[in-house]
Amino acid sequence: MATKTYNRGTGKRKCAIAQVKLFSGKGEITVNDKPYQEVFSCLEHRRMIELPFLATDTVGKFNVEVKVKGGGTNGQAGAIRHGVARALAKANEQFRPLLRQEGLLTRDARVKERKKYGLKRARKAPQYTKR
């Protein structure tokens, strides 16, 4: 039984969580057992996922397997980008300053604010009437 060696990275964004496995290979990216072009039809989301590879000049050198759940497509793409960046930093410590400079290792902590009682949304209050 031969086991493949890989580097792991967990990425988070909004409510999405991505578990990334980084193998040496020819640049195939699969998200939930499908090609990432099939899952992310928007070009902006694809570029977001490819950004860590462009920053470290490793396009086409790693195969990526991703399991992602929760959130929407934008949050999932951000979570995958974060997970890939963390896995690349584990794979080679020399990538860490490059990824840090691009801001790819920082977890974006912005999440949706909860609705408060007496308000219509998180901050929108009913219209004030004087008389």
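Residues numbered from 1 in each chain as written. Predicted model: local features only at pLDDT ≥ 70, side-chain atom pairs only at ≥ 80, totals over all residues. Heavy atoms only, no water.

Engineer: Break down the overall build of the protein chain for me, with residues and values.
Structural biologist: Scanning the protein chain for helices and strands turns up 4 helices and 5 strands. Start at the N end of the protein chain and walk to the C end: the helices and strands fall as β-β-β-β-α-α-β-α-α. For 131 residues, the compact-globule formula gives about 14 Å, and the C-alpha radius of gyration of the protein chain, at 18 Å, lies well above that figure. If one aligns the C-alpha atoms of the protein chain with their principal axes, the spans along those axes are about 75 × 30 × 30 Å. In the protein chain, buried positions account for 32% of the 131 residues. A separation threshold of at least 6 residues defines the contact pool for the protein chain, and within that pool the share at least 24 residues apart is 68%. Just so you have it, the protein chain exposes about 9,100 Å², and 49% of that area is on carbon and sulfur atoms. Between the averaged position of the 30 positive side-chain charges in the protein chain and that of its 11 negative side-chain charges there is a distance of 13 Å. (Helix = DSSP H or I, 4+ residues; strand = E, 2+ residues; numbered from the N terminus. Rg over C-alpha atoms; globule rule 2.2 N^0.38 Å. Buried < 20%, exposed > 50% of the residue type's maximum accessible area, 1.4 Å probe, protein only. Contact = heavy atoms within 4.5 Å. Areas by Shrake-Rupley, 256 points an atom, 1.4 Å probe, with all protein chains shown as cover. Lys, Arg positive; Asp, Glu negative; His and termini not counted. Charge placed at Lys NZ, Arg CZ, Asp CG, Glu CD.)

Engineer: Mind laying out the side chain of Thr56, listing which residues take part and the relevant values?
Structural biologist: Mapped onto the secondary structure, Thr56 falls in helix H2 (residues 43-56). On the accessibility criterion, Thr56 (6% relative accessible area) is buried. A distance of 2.9 Å separates polar atoms of two side chains, one belonging to Thr56 and the other to Thr58. Other than its neighbours up to four places away in sequence, Thr56 contacts Leu88, Phe95, Leu98 and Leu99. (Polar contact = N/O pair within 3.5 Å; in protein donor to acceptor, adjacent residues only side chain to side chain.)

Engineer: Before we move on, could you go through the environment of Gly75 and cite the residues and values that matter?
Structural biologist: Topologically, Gly75 is positioned in helix H3 (residues 73-91). Judged by its relative accessible area of 5%, Gly75 is buried. Apart from residues lying up to four places away in sequence, Gly75 is in contact with Arg13 and Ala16.

Engineer: Could you give an account of the pattern of salt bridges, naming the residues involved and the relevant values?
Structural biologist: Under the definition given, this model contains 7 salt bridges. A salt bridge links Glu28 to Lys26; the nearest nitrogen and oxygen atoms lie 3.6 Å apart. Its salt-bridge partner being Asp108, residue Arg110 comes within 2.8 Å of it at the nearest N-O pair. Residue class for Arg110 comes out exposed when judged on its relative accessible area of 57%. Given a relative accessible area of 24%, Asp108 falls into the partly exposed group. Overlapping salt bridges bring together Arg13, Asp108 and Arg110 as one network. (Salt bridge = Lys/Arg side-chain N within 4 Å of Asp/Glu carboxyl O.)

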